Amino acid sequence: MAKILLVEDEVNIASFIERGLQEFDHQVTVAYDGTAGWEIVRQELFDLLVLDVIMPGMTGLQLCRQYRDLYGYASPVLMLTALGTTEDIVAGLDAGADDYLVKPFSFQELQARIHALLRRAKRRPEEPVLQCGELMLEPANHRAVRAGKPIDLTVREYRLLEYLVKNQGNALSRAALLREVWEKEADGDRNTNVVDVYVNYLRSKIDKGFDRKMIRTVTGIGYRVEG
């Protein structure tokens, strides 16, 4: 079973594909235009995206490009279109698609393509995405995203945030953070100040502009992250 996002503006085609995939025990989320699909992928992770090319609001090509910019290539993308020229296929692949299926098609062919894409994706080295509430981290490429907003982090900032997220909900001392992130032992309060400095850097990037603050101070101990 896979979690699949289907973005298709033709309701009858979307319903046909959705029912067929559900018969194979896939969990299917449907959007009927590119803009709605984009709002969904900003909030949820999927094992596979199936995108129509020509749609109102945002085309499948635009959605695919933005998805790749946000999440990289962890999940495969299958494009559906009535445009079957070589130029159209190349455009889809250049946008970041893994495969391209020309309408009209049989459901058996669609299922075979999806099965092949999911099988190949499983063979890739696993770099599980870390999630804490609306914050997602991609260890494979050191990317951070909160509520669909990419966050630009330095290597040290990312390492600190990753450790906090891996231990989300737990109060972590400054000495522990210094040891795990900087690989240094604490010497009183003198060299733990660097932890406070970097936590402030993270707060300015992770929490700025959001009502809910994820990085909390634990009085007398240190810090914790809450989703």
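Every chain is numbered on its own, with residues counted from 1 as its sequence reads. Local features in a predicted model are, by the rule used here, given only for residues with pLDDT of at least 70; side-chain atom pairs are given and counted only at 80 or more, and totals for whole chains, interfaces and linings are based on all residues. Side-chain calculation: all heavy atoms of the structure are included, whereas hydrogens and water are not.

**Q** Before we go on, may I ask you to explain the overall build of the protein chain in this structure?
**A** Only DSSP runs of H or I reaching four residues or more are called helices, and only runs of E reaching two or more are called strands; each is numbered from the N terminus. The secondary structure content of the protein chain amounts to 8 helices and 12 strands. Considered along the principal axes of its C-alpha atoms, the protein chain spans approximately 70 × 35 × 30 Å. For the protein chain, buried positions account for 46% of its 227 residues. The criterion used for residue contact is that any of the two residues' heavy atoms lie within 4.5 Å. Of the contacts formed within the protein chain by residues at least 6 apart in sequence, a portion of 55% connects residues at least 24 apart. Surface accessibility of the protein chain: about 11,600 Å² in total, with carbon and sulfur atoms responsible for 49%. Throughout this description, buried means an accessible area under 20% of the type-specific maximum (1.4 Å probe, protein chains only), exposed means over 50%, and partly exposed covers the range between. Residue burial considers only the protein chains on display, and all accessible areas are found by Shrake-Rupley using a 1.4 Å probe.

**Q** I keep staring at the sheet that holds strand S11 (residues 215-218) and nothing clicks. Help me out?
**A** At least two DSSP bridges between two strands are required for those strands to pair. Taking strand neighbours across the sheet as the criterion, the 3 strands line up as S10-S12-S11 in an open arrangement whose pairing is antiparallel. Strands with a single pairing partner mark the edges of an open sheet, and in this sheet they are strand S10 (172-173) and S11. Sheet analysis places S10 next to strand S12 (residues 222-225), joined by 2 bridges and oriented antiparallel. Paired with Ser 173 across the bridge in S12 is Gly 222.

**Q** What am I meant to see in the confidence of the model for the protein chain here?
**A** Detailed reading of the predicted coordinates is not advisable wherever pLDDT is low. For every residue, the predictor reports its confidence as pLDDT, a number between 0 and 100. Residues of the protein chain with pLDDT of at least 70 account for 96%, and the chain-wide mean is 88. When mean pLDDT is taken per element in the protein chain, strand S2 (residues 27-31) scores highest with 97 and helix H4 (residues 86-94) scores lowest with 78.

**Q** Help me out: how do you make sense of the sheet that holds strand S7 (residues 135-138) in this one?
**A** Backbone-to-backbone hydrogen bonds pair the strands of a sheet. The strands run either parallel or antiparallel. Judged by pairing direction, the sheet is antiparallel, and its 4 strands sit side by side in the order S6-S7-S8-S9 without closing on themselves. The open sheet terminates on both sides in strands that have one partner only, identified here as strand S6 (130-132) and strand S9 (149-151). Geometrically, the sheet is characterised by an average inter-axis angle of 20° between neighbouring strands, direction not taken into account. Looking at chain direction, S6 and S7 are connected through 3 bridges and run antiparallel. Its bridge partner lying in S7, Gln 131 is registered against Met 136. Angles run from 0 to 180 degrees between N-to-C directions of axes, and those axes are lines fitted to C-alpha atoms, restricted for helices to the stretch in contact. In this fold helix H6 (residues 155-166) packs onto S6, S7 and strand S8 (143-146), with an angle of close to 120° to the strand it touches most, S7.

**Q** Help me out: how do you make sense of the packing of helix H7 (residues 174-182) against helix H8 (residues 193-206) in this one?
**A** Geometry of a packed helix pair, given as the angle between the helix axes and the separation of the axes. Between H7 and H8, whose axes approach to 9 Å, the crossing angle comes to 80°. Classed by the angle they form, the pair H7 and H8 counts as roughly perpendicular. Contacts from Arg 174, Leu 177, Leu 178 and Trp 182 of H7 reach H8 at Val 194, Val 195, Asp 196 and Tyr 198. In the contact of H7 with H8, the residues fall into 6 nonpolar, no polar and 2 charged. Roughly parallel refers to an angle under 35 degrees, roughly antiparallel to one over 145, roughly perpendicular to one between 65 and 115, and oblique to any angle outside these ranges. When residues are grouped by polarity, Ala, Val, Leu, Ile, Met, Phe, Trp, Tyr, Cys and Pro land in nonpolar, Asp, Glu, Lys and Arg in charged, and all others, Gly among them, in polar.

**Q** Could you clarify how one ought to interpret the side chain of Arg 143 in this entry?
**A** Along the polypeptide, Arg 143 turns up in strand S8. Positive charge is attributed to Lys and Arg, negative charge to Asp and Glu, and no charge count is given to His or to the chain ends. The salt bridge definition used is simple: a Lys or Arg side-chain nitrogen within 4 Å of an Asp or Glu carboxyl oxygen. We note that Arg 143 is buried and unpaired, the nearest opposite charge coming from Glu 138 at a distance of 4.7 Å. Non-local contacts of Arg 143, meaning those with residues more than four positions away in its chain, are made with Arg 68, Asp 69, Leu 70, Tyr 71, Gly 72, Met 136, Leu 137, Glu 138 and Tyr 158.

**Q** Explanation requested: the pattern of salt bridges in the structure shown.
**A** Once their charged atoms are close, side chains differing in charge can pair, the charge on each being opposite to the other. Applying the stated criterion across every chain yields a total of 15 salt bridges. The partner of Lys 3 in a salt bridge is Glu 44, and the shortest N-O contact between them spans 3.1 Å. Remark: Glu 44 occurs in the loop between helix H2 (34-41) and strand S3 (48-52) and Lys 3 occurs in strand S1 (residues 3-7); sequence separation between them is 41 residues. Owing to a relative accessible area of 22%, Lys 3 belongs among the partly exposed residues under this scheme. Of the charged contacts, one joins Lys 103 and Glu 8 as a salt bridge, the two residues approaching to 3.0 Å between their closest N and O atoms. You can see Lys 103 sitting in the loop between strand S5 (99-102) and helix H5 (107-123) and its partner Glu 8 sitting in the loop between S1 and helix H1 (11-23), a full 95 residues away along the chain. As far as the burial class goes, Lys 103 and Glu 8 line up, both buried. Via salt bridges that share partners, Glu 8, Glu 10, Asp 52 and Lys 103 belong to a single interconnected network.

**Q** Would you mind showing me how to read the packing of aromatic side chains here?
**A** Any two aromatic rings considered together are summarised by their centre-to-centre distance and by the angle between their planes. Note on aromatic pairs: the rings of Phe, Tyr and Trp (six-membered ring only in Trp) are paired at centre separations within 6.5 Å, and the planes decide the class, stacked below 30 degrees, edge-to-face beyond 60, tilted for the rest. Considering all chains together, one arrives at 4 aromatic pairs under this definition. Taking the centre distance of 6.1 Å and the plane angle of 80° together, the rings of Phe 16 and Phe 107 count as edge-to-face. On the criterion of sequence distance, the pair formed by Phe 16 in helix H1 and Phe 107 in helix H5 is long-range, its members being 91 residues apart. By relative accessible area, Phe 107 is classed as buried at 13%. Plain terms: the ring middles of Tyr 198 and Tyr 201 are 5.1 Å apart, the flat faces sit at 75° to each other, and that makes the pair edge-to-face. Here Tyr 201 and Tyr 198 lie together in helix H8, a separation of 3 residues that amounts to about one turn. Residue Tyr 201 is classed as partly exposed on the basis of its relative accessible area of 40%. Only Lys NZ and Arg CZ are tested; either one counts as a charge over a ring when it is within 6 Å of the ring centre and within 35 degrees of the ring normal. Residue placement shows Lys 3 over the ring face of Phe 46; its charged tip is 5.1 Å from the ring centre. The ring of Phe 210 carries Arg 146 above its face, with NZ or CZ at 4.0 Å from the centroid.

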